[in-house]
Amino acid sequence: MAAVFAGLSSLATVPFQAAHAQQTAAVRGLPDFTDLVDQVGPSVVNIRTVEKASGRSGAGGMDEEMLEFFRRFGVPIPNVPRQQRPQRPQMEEEPQPRGVGSGFILTADGFVMTNAHVVEGADEVIVTLTDKREFKAKIVGADKRTDVAVVKIEATGLPAIKVGDVSRLRVGEWVMAIGSPFGLENTVTAGIVSAKQRDTGDYLPFIQTDVAINPGNSGGPLINMRGEVVGINSQIYSRSGGFMGISFAIPMDEAIRVSEQLRATGRVTRGRIGVQIGQVTKDVAESIGLGKAQGALVTGVESGSPADKAGVEAGDIITRFDGKAIDKVADLPRLVGNTKPGTKSTVTVFRRGSPRDLAITIAEIEPDKPSAAKTPEREEKPKASPAAQQVGLAVTEITEAQKKELKLRGGVAVAAASEAAARAGLREGDIILSIANTEVSSVKEFEAALAKADKSKPINVLYRRGEWAQYALIRPAR
């Protein structure tokens, strides 16, 4: 019996020892950030901004740092007691602390990178190094679209940070942040890369991490284990007003591209082609023969724009730009925006069942113009044909004058929409440009195309509402 127990004891000990060895190896394998902090820490700076006060006070008496936090991340401002502050005459203007952020030294001769929202509206920017030296900085340039800014201090021999290759960054990789959360300088936090290419804006595929980021961290570096900056900490996702485990950083390759333009000219120049775009849904893709949901649906083309001159039409789906695939709608503005104005490029569009290449000359981006589109006037509501009645549509002709005014080659106006058409989202005043992949220029053509459509399947309708075009899928009742 003793031998039996001895054998069991021996068998039980082996897995315990193996598990202990694995646990020890795991502990040994945890990252040690101490050397990394010593290496990168001197390159990280604290940024304070000052603006001239003119009788303004923060909402609820809240300090400006917290107000910036709530404004930046869309968190409702809580109802807090108003702080007791000395009253000043309305016309008095004195420098007042505005906010605290972070940044990092980009070059040894004093160029510092941070977020645009950190320095926005500042009358004075003060940069503090880890050795406690302070410098008044000049704002070289700021780009709101990417939230990147560059400031310059008069100093030399500074410890510039190393820039890493974002393409080598992997999900699950350890990363570290250094910044000034709530004004607490040189605070170090760490975590892992949670996701890459996270879409939260037109021009930025963000790096998502679980590194603790709070107000004051904005503009600080996200650092990999090789001591290279791979991103600029910029945003968090929060429902409570505090860190909830989701942070976003601007990829460094995008930031460097912007900073080079800011340093050269003080502003960022981006390309544009003059289209309004939307998402391509799976149902629409299948209905028009595209196959899978990809590309960017052109919902509108600006008159006289590069896209207009190139022959791009509302309802086209842009699938490639300069040979690069457009997998999702956010890919197009990034590719176009990163193209130098004046460049001759090629866009591939999918139109009525087949792809075609169009030559286009990129223009420089400009502020959006307000819409001034009008819907055509209709004199009477006609009787719908049997086919049109089946889908709940009644349409009327558009005069040549109306087509010219609306810059249309064809189409028919919706006089009434009910049943299946109404469920699809169509309404009176919409202009139908094509139905079942067939362009229509008259009521007769519309009725002929609708009569030929397979009523057992959803019928795709390309229509224009105001200035923009979009697709709808009519599902006739069976």
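Residues numbered from 1 in each chain as written. Predicted model: local features only at pLDDT ≥ 70, side-chain atom pairs only at ≥ 80, totals over all residues. Heavy atoms only, no water.

### Some words on the overall build of the protein
Phase 1: On a plain count of helices and strands, the protein comes out with 12 helices and 27 strands.
Phase 2: Each of the 478 residues in the protein was classed as buried or not, and the buried ones make up 46%.
Phase 3: Considering only intrachain contacts with a sequence separation of at least 6, the fraction spanning at least 24 residues in the protein is 63%.
Phase 4: If you sum the accessible surface of the protein, you get close to 24,500 Å²; carbon and sulfur atoms cover 51% of it. (Helix = DSSP H or I, 4+ residues; strand = E, 2+ residues; numbered from the N terminus. Buried < 20%, exposed > 50% of the residue type's maximum accessible area, 1.4 Å probe, protein only. Contact = heavy atoms within 4.5 Å. Areas by Shrake-Rupley, 256 points an atom, 1.4 Å probe, with all protein chains shown as cover.)

### Considerations on the side chain of Asp 316
Phase 1: Summarising the element assignment, Asp 316 is placed in the loop between α7 (306-310) and β17 (317-321).
Phase 2: Looking at Asp 316, the relative accessible area reads 2%, which means it is buried.
Phase 3: At a separation of 2.8 Å, a polar atom in the side chain of Asp 316 contacts the main-chain amide nitrogen of Glu 313.
Phase 4: Within the structure, the side chain of Asp 316 is placed 2.7 Å from the side chain of Arg 351, a separation counted as a polar contact. (Polar contact = N/O pair within 3.5 Å; in protein donor to acceptor, adjacent residues only side chain to side chain.)

### Quick notes on helix α12 (residues 443-452)
Quick reminder: α-helices carry 3.6 residues per turn. Residues three or four places apart thus point the same way.
Phase 1: What α12 keeps buried is the set Val 443, Phe 446, Ala 449 and Leu 450. The buried residues of α12 all sit within an arc of 130° when viewed along its axis, so they share a single face. In α12, the exposed residues that point more than 90 degrees away from the buried face are Lys 444, Ala 451 and Lys 452. (Arc of directions from axis to C-beta.)

### Focus: the nonpolar core
Phase 1: Ranked by internal contacts, the top residues of the largest apolar core, which has 38 residues, are Phe 104, Met 113, Ile 232 and Met 252.
Phase 2: With five residues, helix α5 (residues 252-265) is the largest single contributor of residues to this core.
Phase 3: Setting aside residues up to four positions removed in sequence, Met 252 forms contacts with Phe 104, Leu 106, Met 113, Val 163, Val 166, Val 229, Val 230, Gly 231 and Ile 232.
Phase 4: Counting 23 residues, the second-largest nonpolar core is a separate cluster that includes Val 440, Phe 446, Ile 459 and Ile 474. (Core = buried A, V, L, I, M, F, W, Y, C linked by side-chain atoms within 4.5 Å.)

### Remarks on the side chain of Arg 272
Phase 1: Within the element layout of this structure, Arg 272 appears in strand β14 (residues 271-272).
Phase 2: By relative accessible area, Arg 272 is classed as buried at 12%.
Phase 3: Looking at Arg 272, its side chain comes within polar contact range of the side chain of Glu 302, at 2.6 Å.

### Comments concerning a nonpolar patch on the surface
Phase 1: A cluster of nonpolar side chains, Leu 30, Trp 174, Ile 192 and Met 225, forms an exposed patch at the surface whose accessible area comes to about 350 Å².
Phase 2: Residue position: Ile 192 is located in strand β9 (residues 187-199).
Phase 3: Its relative accessible area of 30% is what places Ile 192 among the partly exposed residues. (Patch = residues over 30% accessible without salt bridge, like charges linked within 9 Å, V, L, I, M, F, W, Y side chains within 5 Å. Salt bridge = Lys/Arg side-chain N within 4 Å of Asp/Glu carboxyl O.)

### Some thoughts on the packing of aromatic side chains
Phase 1: Counted according to the given criterion, the structure contains two aromatic pairs.
Phase 2: Note on Phe 33 and Trp 174: the rings are 6.0 Å apart at their centroids and 65° apart in plane angle, and the pair reads as edge-to-face. You can see Phe 33 sitting in the loop between α1 (2-29) and α2 (34-40) and its partner Trp 174 sitting in strand β8 (residues 174-179), a full 141 residues away along the chain.
Phase 3: In this structure Trp 174 comes out as partly exposed when scored by relative accessible area, which is 36%.
Phase 4: The ring of Phe 111 carries Arg 263 above its face, with NZ or CZ at 4.3 Å from the centroid. (Phe/Tyr/Trp six-rings, centres within 6.5 Å; stacked < 30°, edge-to-face > 60°. Lys NZ or Arg CZ within 6 Å of the ring centre and 35° of its normal.)

### Details of α5
Phase 1: In this model, α5 (14 residues) spans 20 Å end to end at C-alpha, consistent with the 20 Å of a helix rising 1.5 Å per residue.
Phase 2: Among the residues of α5, those classed as buried are Met 252, Glu 254, Ala 255, Ile 256, Val 258, Ser 259 and Leu 262.
Phase 3: One or two positions beyond α5, positive phi appears at Gly 266, with a value near 85°. (Expected span 1.5 Å × (residues − 1).)

### So, the pattern of salt bridges
Phase 1: The tally for this structure, following the rule as stated, stands at 21 salt bridges.
Phase 2: A salt bridge links Arg 48 to Glu 134, with the nearest nitrogen and oxygen atoms 3.0 Å apart. Of this pair, Arg 48 sits in strand β1 (residues 44-53) while Glu 134 sits in strand β5 (residues 134-143), placing them 86 residues apart in sequence.
Phase 3: Counted as one network, the salt bridges with shared partners bring together Glu 313, Asp 316, Arg 351, Arg 352, Arg 409 and Glu 439.

### Remarks on the environment of Leu 30
Phase 1: When you line up the elements, Leu 30 lands in the loop between α1 and α2.
Phase 2: For Leu 30 and Trp 174, which are 144 residues apart along the polypeptide, the C-alpha to C-alpha distance reads 9.7 Å.

### Here's the deal with unusual backbone geometry
Phase 1: A positive phi angle, near 50°, is found at Glu 419, a position not held by glycine.
Phase 2: Inspection of the secondary structure assignment puts Glu 419 in helix α11 (residues 419-423).
Phase 3: Since its relative accessible area comes to 54%, Glu 419 is described here as exposed.
Phase 4: The backbone of Asn 437 shows a phi angle near 65°, a positive value even though the residue is not glycine.
Phase 5: Relative to the elements of secondary structure, Asn 437 occurs in the loop between β24 (431-435) and β25 (438-439).

### Let's talk about the environment of Val 118
Phase 1: By the element assignment, Val 118 lies in helix α4 (residues 116-119).
Phase 2: Considering only alpha carbons, one finds Val 118 and Val 148, 30 residues apart in sequence, at a separation of 9.3 Å.

### A short note on the pairing of strand β19 (residues 344-351)
Phase 1: Of all eight residues making up β19, six are buried, and the element is well covered by its neighbours.
Phase 2: Here eight bridges tie β19 to strand β20 (residues 354-361), and the two strands are oriented antiparallel to one another. Within β20, the position partnered with Phe 350 by the bridge is Pro 355.
Phase 3: Taking the residues between adjacent antiparallel strands as the criterion, β19 and β20 are bridged by two residues, where Arg 352 takes a positive phi near 45°. (Pairing = 2+ DSSP bridges.)

### A short note on the confidence of the model for the protein
Phase 1: Looking at the protein as a whole, the pLDDT averages 80, with 77% of positions reaching at least 70.
Phase 2: Low pLDDT, under 50, characterises residues 1-14; the predicted model gives this stretch zero contacts beyond four residues in sequence or across chains.
Phase 3: Contacts of residues 79-92 to residues separated by more than four positions or lying in other chains number 22 contacts, the stretch itself having pLDDT below 50. (pLDDT = per-residue confidence, 0-100.)

### Quick notes on the pairing of strand β10 (residues 205-209)
Every other side chain in a regular strand lies on the same face of the sheet, so the side chains alternate between the two faces.
Phase 1: Counting buried residues along β10, five of its five residues qualify, which places the element largely inside the surrounding structure.
Phase 2: Burial of the side chains of β10 extends over both faces: Pro 205, Ile 207 and Thr 209 are buried on one face and Phe 206 and Gln 208 on the other.
Phase 3: The pairing of β9 with β10 spans four bridges and is classified as antiparallel. Counterpart to Asp 199 in the pairing with β10 is Pro 205.

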